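Chain by chain, the residues:
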Amino acid sequence: MIRRPSIPRPEDFTGPAHSAPVAARLGLWLGVAFGLCFLTGLLSHAIQHPPGWFGWPSRPVNLYRITQGVHVLSGIAAIPLLLAKLWSVYPRLFARPPLRRPGRLVGHGLERVSILVLVCAAFFELVTGVFNVAQAYPWRFFFPAAHHAVGWLAAGALLVHVGVKLPLIRTALATRIGRDPVPGRRAFLRTAAGSTGVAVLGAAGVTVPWLRHVSALSWRSATGPQGVPVNRTASAAGIAVPADWRLEVVWAGGRRGFELADLAVLPQRTGRLPIACVEGWSATADWTGVPVADLLAAAGAPTDRPVRVGSLEEAGLYSRSVLPALHVADPLTLLALRVNGEVLHPDHGFPCRIIAPSRPGVLQTKWVTRLEVLD
Ligand SMILES: Nc1nc2c(c(=O)[nH]1)N[C@H]1C(S)=C(S)[C@@H](COP(=O)(O)O)O[C@H]1N2
Ligand SMILES: [Mo]
């Protein structure tokens, strides 16, 4: 007699991974990782595109380095957690009928759609984020804008999902795993937690100095001229410093030019400051230069305004940036001329660059040629 192969039902999956207490715990951990990742991502977005009400402090000097490190590492942690969670719940795909009785149709349909959106958005965020860490962009959209928009989509879908499932989540979390009649649940959760730990440790070397030696992803940390990594080299940016290079300081009431020799004789300050790239790597160095506020004062310009920084680089998204007034006022916001005791390498921005505390790397403009005090 030939038996027709039967489509399984969720109850047919009896492995320890496929149970509500396991799924709820993985969901909780995943929620924490996503939450941290979302908030630190919003923060980074706000620092780069500050709304009027938003102010970001310049101290402690490592603040942005820490929030961006948390962003990248919580995203890395979410990858094994998401895979474990999907493994845990995929038998639900076999639930029949796919949509329930008319009375519950709206709620159930909403739940299904929110899960589909959530899974797609979460995958999109994690995959594009990892590619960004690797600085590979095999797509045509603009990464920061897409990553930001889909982040909101994931957050919305997650809220709906948690809202719909809350009663179930509560019961499942209240079930003690230790007394569980099904063996193996604890082992599955331990494996998920262990893989997450390995993934985080493997990535943390990009930003945590004492983890450099155990980290596979630390390739960016200590390479590059003068001990600091480089994202965009001078030749990639098409930089040729003209023989008559001058720094122009411009403000509402006037302008003044400085030659390199003029900058070199102004009082210098050295600060141990990080470059914290939005892609996750960070590296600390001793930067020496003229505090921007002192330079403005020497020019006779106001020192309590935001300042637009212009570069020799003509095109390119990072060829200019704006220093908010809070950062201009910080004496460690430098127009740096030297790094680790040496004149800046061309790839680090010779003749001079901005190095400010607690600031995304993309805003640490290199090859500076103009400072414009804004109203
Ligand atoms: N003019 C200019 N400045 C720039 C960039 C750039 O492409 N052009 N890249 C920025 C980015 S993304 C980072 S992380 C830092 C890196 O500085 P470094 O190359 O000296 O390490 O420079 C920033 N300054
Ligand atoms: Mo960067």
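Since the structure is predicted, the reported quantities are computational estimates derived from the model, not experimental observations.

A. Representation of the pairing of strand S7 (residues 334-339) in the model. Most of S7 is tucked away: five of the six residues are buried. When S7 meets strand S9 (residues 353-355), the two strands line up antiparallel, connected through three bridges. From the neighbouring strand, Ala 336 faces S9, where its bridge partner is Arg 353. Of the pairings in the sheet, the one linking S7 to strand S8 (residues 342-343) comprises two bridges and is antiparallel in character. Bridging from a neighbouring strand, Val 339 pairs with Glu 342 of S8.

B. The sheet that holds strand S2 (residues 254-258), seen in detail. In space, the five strands of this open sheet follow the order S2-S1-S10-S5-S6, with mixed pairing throughout. Bordering the open sheet on either side are S2 and strand S6 (320-323), each of which pairs with just one other strand. Strand after strand, the sheet turns through a mean of 15° between neighbouring axes, direction not considered.

C. Looking closely at the side chain of Thr 288. When you line up the elements, Thr 288 lands in strand S4 (residues 282-291). What makes Thr 288 buried here is its relative accessible area of 14%. The contacts of Thr 288, once residues within four sequence positions are left out, are Gln 268, Arg 269, Thr 270, Leu 334, Ala 336, Leu 337 and Arg 338.

D. Spatial organisation of the layout of surface pockets. Of the pockets and cavities examined, the second largest pocket occupies roughly 1300 Å³. What lines the second largest pocket is a set of 42 residues, and nearest its centre among them are Val 89, Arg 92, Ile 115, His 161 and Lys 165. Residue assignment for the lining of the second largest pocket shows that the elements contributing at least two residues are helix H1 (20-48), helix H2 (63-89), helix H3 (105-133) and helix H4 (143-174). Residues of the lining of the second largest pocket, tallied by class, amount to 28 nonpolar, seven polar and seven charged.

E. View of the domain arrangement of the chain. Domain boundaries assigned for the chain yield domain 1 (10-211) and domain 2 (226-373). Relative placement of domain 1 and domain 2: their C-alpha centres are 38 Å apart. The partner domain 2 presents 25 residues to the 22 residues of domain 1 that form the contact. Summed over both sides, the interface between domain 1 and domain 2 buries roughly 1800 Å², with carbon and sulfur atoms accounting for 54% of that surface. Where domain 1 meets domain 2, there are one salt bridge. The tally of links between domain 1 and domain 2 comes to eleven residue pairs in polar contact (both at pLDDT 80 or more). Elements represented by at least two residues in the side of domain 1 that touches domain 2 include exactly H1, H2 and H3. If one sorts the elements of the side of domain 1 that touches domain 2 by residue count, H2 sits on top with five residues. Of the residues in the side of domain 1 that touches domain 2, the class split is twelve nonpolar, eight polar and two charged.

F. Molecular detail of the site of ligand 1. Around ligand 1 lies a shell of 21 residues, among which Pro 229, Glu 313, His 348, Arg 353 and Lys 366 are the nearest. Between ligand 1 and the protein, one listed contact pairs an oxygen atom with a backbone N or O atom of Pro 229 at 2.4 Å. In isolation ligand 1 has 530 Å² of accessible area, and contact with the protein removes 98% of it. Its residues assigned to classes, the shell around ligand 1 comprises nine nonpolar, seven polar and five charged.

Conventions we followed
- Residues numbered from 1 in each chain as written.
- Chains lettered and ligands numbered in written order.
- Predicted model: local features only at pLDDT ≥ 70, side-chain atom pairs only at ≥ 80, totals over all residues.
- Heavy atoms only, no water.
- Buried < 20%, exposed > 50% of the residue type's maximum accessible area, 1.4 Å probe, protein only.
- Helix = DSSP H or I, 4+ residues; strand = E, 2+ residues; numbered from the N terminus.
- Pairing = 2+ DSSP bridges.
- Axes fitted to C-alpha atoms, helices over the stretch in contact; angles between N-to-C directions.
- Contact = heavy atoms within 4.5 Å.
- 1 Å grid on protein atoms, 1.4 Å probe; cavity = no way out; pocket = protein on both sides within 12 Å on 5 of 7 lines; lining within 4 Å.
- Points joined across faces, edges and corners; volume = space filled by probe spheres on them.
- Nonpolar A, V, L, I, M, F, W, Y, C, P; charged D, E, K, R; others polar.
- Domains from an automatic or database assignment.
- Buried area = accessible area lost by both parts, 1.4 Å probe.
- Salt bridge = Lys/Arg side-chain N within 4 Å of Asp/Glu carboxyl O.
- Polar contact = N/O pair within 3.5 Å; in protein donor to acceptor, adjacent residues only side chain to side chain.
- Near = heavy atom within 4 Å.
- Areas by Shrake-Rupley, 256 points an atom, 1.4 Å probe, with all protein chains shown as cover.

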